[in-house]
Amino acid sequence: MQPAAQAPMPEADAPAMEGGARGRDVGTLLWQVLCDPWLLLAVVSLLGVLLIASLLLPQLPGQFQDEPAAAERWLTATAEMFGTAGRWLRSFGLFDVLHSAALRVLLATAFFLLLVQSASAILFAIRFRQLSAALDQSSDPGGEAVTAPLPVRVLRWRAAFPAPVLAASAEVETEVAGWATHIERRTVRVRPAPAQTLEGESAPDSVLEERLLAQRGRLEAQVRPLLPIAMLLILVGLWWNSMAGQQFLPSPLLPAERASEPSLGVTFEYELLYPSVNSIGAAVSVAVKGERRQFPLVGLVQATVNGVTIRAQPGSPGLLVRTLDDSTQLARPGQANTVAMLGLGFPSPGSEETLVLPQKAVGLRVIRQDNGTAPAADDSFVVEVFQGDRDEPVQRFMVGHSQVERIGTPFGEIALGFVPMPMIRVQAYTSPGLWLVMPAVLLALAGLWGIYGRPAFFLAQCGPWPVERSVLVVQTDWPAALDAVRRRQAERTAASAVQEQPT
């Protein structure tokens, strides 16, 4: 039977979840909300949606940024291509994502959240390493939790343990030894709490309290802040590109055509190569601030010229028409000057172009025909020849490859060369913040390793409790560790109750 004078044993407290500061005031709750990874994930997901939209939807060419009228025309025409959905897509800025208000609001929100979470992770790393100092605190009386000011939710639990102090602390150490990589113990002299003294007995000046700190992932805790810092670098790069990046996206180039952007100092030119007699090849020439390079058009071309990234690739079918004797007799309708060669573009099957020979009173209509094969380059062209005011063509032929045709005119025949050549889609842009991606990736990998390591701590205080009992106070950020100790305490209590039953 227990002695009648035994002090009342403390009831087992339900685990209390608290922040780094005592109590849960508005500031603590706000801090916990801002540090919630799900909130950051939601904002980053919206950012991802916008960036994916910028890859899937047409984007306003950079050369229109300083031309409101041209930009308005482009946006209106692009929105009409998507029907009713186009108006909604335009209202959300999805045709100009990098300069949209939605992107900048989300970037600012994510930046603020990452600043808070970086500060929280750094503070956690510092205080996680300083937890050993809590083992030596002696200002609080026995049975009271010492201060463990971590900027995370901490579980606190207090209960009676039916065993002497040394035996109780040894059992707790056994429970945590399976997962902890660092264990420290202290014996600290503290002031006794009133309940630690039996009635009628004089209170001692001090009592001894056993303290134990178990930790895992000490190194991982130090590198965990690198993940939000890496994400901050990526956001800085995105913001930098949206503010200072430039883009030039002209219409697809026709054979022998050129396009320039003065602000970037970029000029693209569709050059014609003559590798052999009666043979014409295609190349794209790029000049950037005085530096010129030429790339054969054999597929996707991507390179950096004088700090500007350029891309070029074959586009929709085109047709080069030229006079064999290099006489300047070709022109578009309404064009004053005649030329020796003329490039025509056909963005889709059924597209048509018109050219005239003013000196010969002849006009040619060229129509792209879909040959039913997957490669658009296999499409052919129908050429119809008109003379004077006649509504019906006087001559018609197909062009499916490089060939020469003799065109009848009121002034005799003229030989024209027809060479199918693709249009060239070109783009030039600068990404001033792109260099931040590589260090950000390296930092993120280190930070992910820190997250995967799951740093955790377990701080236990075990003090005397009359008679032959202990009071156990636990603080931890890992619920599984606390559950294991609670089960051990419950088993001990049940076994003690059985032993104390009268026979």
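Our structure's up above, just so we're on the same page.
Just so we're clear, the structure is a prediction, and the values are computed from it rather than from any experiment. (Residues numbered from 1 in each chain as written. Predicted model: local features only at pLDDT ≥ 70, side-chain atom pairs only at ≥ 80, totals over all residues. Heavy atoms only, no water.)

1. Let's talk about the sheet that holds strand S14 (residues 362-369)
Across a sheet, strands are paired by hydrogen bonds formed along the backbone, either parallel or antiparallel in direction.
Next, step 1: Read across the open sheet, the 4 strands follow the order S13-S14-S15-S16; overall the sheet is antiparallel. Edge positions in the sheet fall to strand S13 (352-357) and strand S16 (395-399), since each has one partner strand and no second. Strand-to-strand twist of the sheet, defined as the mean angle between neighbouring strand axes without regard to direction, takes the value 20°.
Next, step 2: Relative to S16, strand S15 (residues 380-387) is paired through 5 bridges, and the arrangement is antiparallel. Bridged to valine 385 within S16 is glutamine 395. (Pairing = 2+ DSSP bridges. Helix = DSSP H or I, 4+ residues; strand = E, 2+ residues; numbered from the N terminus. Axes fitted to C-alpha atoms, helices over the stretch in contact; angles between N-to-C directions.)

2. A short note on the environment of leucine 235
Next, step 1: Of note, leucine 235 is situated in helix H8 (residues 226-244).
Next, step 2: Classification of leucine 235 by relative accessible area gives buried; the value is 8%.
Next, step 3: Discounting chain neighbours no more than four positions away, the residues touching leucine 235 are Leu47, Leu107, Ala110, Phe111 and Leu114. (Buried < 20%, exposed > 50% of the residue type's maximum accessible area, 1.4 Å probe, protein only. Contact = heavy atoms within 4.5 Å.)

3. A word on the environment of valine 441
Next, step 1: Turning to its location among the elements, valine 441 is positioned in helix H9 (residues 437-452).
Next, step 2: A relative accessible area of 37% means that valine 441 is categorised as partly exposed.
Next, step 3: For the pair valine 441 and proline 455, spaced 14 residues apart in the sequence, the C-alpha separation amounts to 22 Å.

4. Quick notes on helix H6 (residues 165-176)
Next, step 1: Its 12 residues give H6 an end-to-end C-alpha distance of 17 Å, which sits within 8% of 16 Å, the value for a rise of 1.5 Å per residue.
Next, step 2: Among all positions of H6, only Val165, Ala168, Ser169, Glu171, Val172 and Val176 are buried. Here the buried residues of H6 occupy an arc of 160° about the axis, which is enough to place them on one side. Exposed side of H6, more than 90 degrees from the buried face: Leu166 and Thr174 are the residues found there. (Expected span 1.5 Å × (residues − 1). Arc of directions from axis to C-beta.)

5. Concerning a nonpolar patch on the surface
Next, step 1: On the surface, a nonpolar cluster with roughly 670 Å² of combined accessible area is contributed by Leu434, Val437, Met438, Val441, Leu442, Leu445 and Leu448.
Next, step 2: Counting through the fold element by element, leucine 442 comes out in helix H9. (Patch = residues over 30% accessible without salt bridge, like charges linked within 9 Å, V, L, I, M, F, W, Y side chains within 5 Å. Areas by Shrake-Rupley, 256 points an atom, 1.4 Å probe, with all protein chains shown as cover. Salt bridge = Lys/Arg side-chain N within 4 Å of Asp/Glu carboxyl O.)

6. Details of the packing of helix H5 (residues 101-129) against H8
Next, step 1: It is at 9 Å that the axes of H5 and H8 come closest, and there the two elements cross at 155°. One element, H5, and the other, H8, form an angle in the roughly antiparallel class. The chirality of how H5 crosses H8 is left-handed. Listed contacts from H8 to Arg104, Leu107, Ala108, Ala110, Phe111, Leu114, Leu115, Gln117, Ser118 and Ala121 of H5 are Pro228, Ile229, Met231, Leu232, Leu235, Val236, Leu238, Trp239, Ser242 and Met243. (Parallel < 35°, antiparallel > 145°, perpendicular 65-115°, else oblique. Left-handed = near helix turned anticlockwise from the far one by under 90°.)

7. Quick look at helix H3 (residues 68-81)
Next, step 1: Between the first and last C-alpha of H3 there are 20 Å, a value that for 14 residues agrees with the 20 Å anticipated at 1.5 Å per step.
Next, step 2: When H3 is considered as a whole, its buried residues turn out to be Ala70, Ala71, Leu75, Thr78 and Ala79. Here the buried residues of H3 occupy an arc of 160° about the axis, which is enough to place them on one side. In H3, the exposed residues that point more than 90 degrees away from the buried face are Arg73 and Glu80.
Next, step 3: Lining the buried residues of H3 we find helix H4 (84-91).
Next, step 4: Downstream of H3 by a residue or two, glycine 83 has a phi angle that is positive, lying close to 65°.

8. Comments concerning the pairing of strand S11 (residues 308-323)
Next, step 1: Judged from the 5 bridges that link them, strand S10 (residues 301-305) and S11 form a sheet pairing that is antiparallel. Within the sheet, the bridge partner assigned to valine 301 lies in S11 and is alanine 312.
Next, step 2: Remark: 2 residues form the turn of the hairpin made by S10 and S11, two consecutive strands paired antiparallel; asparagine 306 in that turn has positive phi of roughly 55°.
Next, step 3: For S11 and strand S18 (residues 414-429), the ladder comprises 13 bridges, and the chain directions are antiparallel. Following the sheet pairing, valine 321 is matched in S18 by phenylalanine 418.
Next, step 4: The pairing of S11 with strand S12 (residues 341-345) spans 5 bridges and is antiparallel.

9. Comments concerning the packing of aromatic side chains
Next, step 1: Counting across every chain of the model gives 7 aromatic pairs.
Next, step 2: Arginine 216 extends its terminal NZ or CZ atom over the ring of tryptophan 478, reaching a point 4.2 Å from the ring centre. (Phe/Tyr/Trp six-rings, centres within 6.5 Å; stacked < 30°, edge-to-face > 60°. Lys NZ or Arg CZ within 6 Å of the ring centre and 35° of its normal.)

10. Some remarks on the side chain of glutamate 210
Next, step 1: Along the chain, the position of glutamate 210 falls in strand S4 (residues 207-216).
Next, step 2: Only 2.7 Å separates the side chain of glutamate 210 from the side chain of threonine 187, close enough to count as a polar contact.
Next, step 3: Residues in contact with glutamate 210, not counting those within four places in the same chain, are Val165, Leu166, Ser169, Arg185, Arg186, Thr187, Ala460, Gln461 and Cys462. (Polar contact = N/O pair within 3.5 Å; in protein donor to acceptor, adjacent residues only side chain to side chain.)

11. What to know about the pattern of salt bridges
Next, step 1: Summed over all chains, the structure comprises 14 salt bridges.
Next, step 2: Its salt-bridge partner being glutamate 210, residue arginine 185 comes within 3.1 Å of it at the nearest N-O pair. In this pair, arginine 185 is assigned in strand S3 (residues 182-190) and glutamate 210 in strand S4, connecting sequence segments 25 residues apart.
Next, step 3: Judged by relative accessible area, arginine 185 falls into the partly exposed class, the value being 33%.
Next, step 4: Taking the relative accessible area as the measure of exposure, glutamate 210 reaches 10% and is therefore buried.
Next, step 5: Across the pair arginine 396 and glutamate 384 runs a salt bridge, and its minimum N-O distance is 3.0 Å. Taken together, the residues span a long stretch of sequence, with arginine 396 in strand S16 and glutamate 384 in strand S15 at a distance of 12 residues.
Next, step 6: Overall, glutamate 384 belongs to the buried group, its relative accessible area being 6%.
Next, step 7: Three or more residues joined by partner-sharing salt bridges are found here, namely Glu171, Glu175, Arg488 and Arg492.

In short, geometric facts, not functional conclusions.
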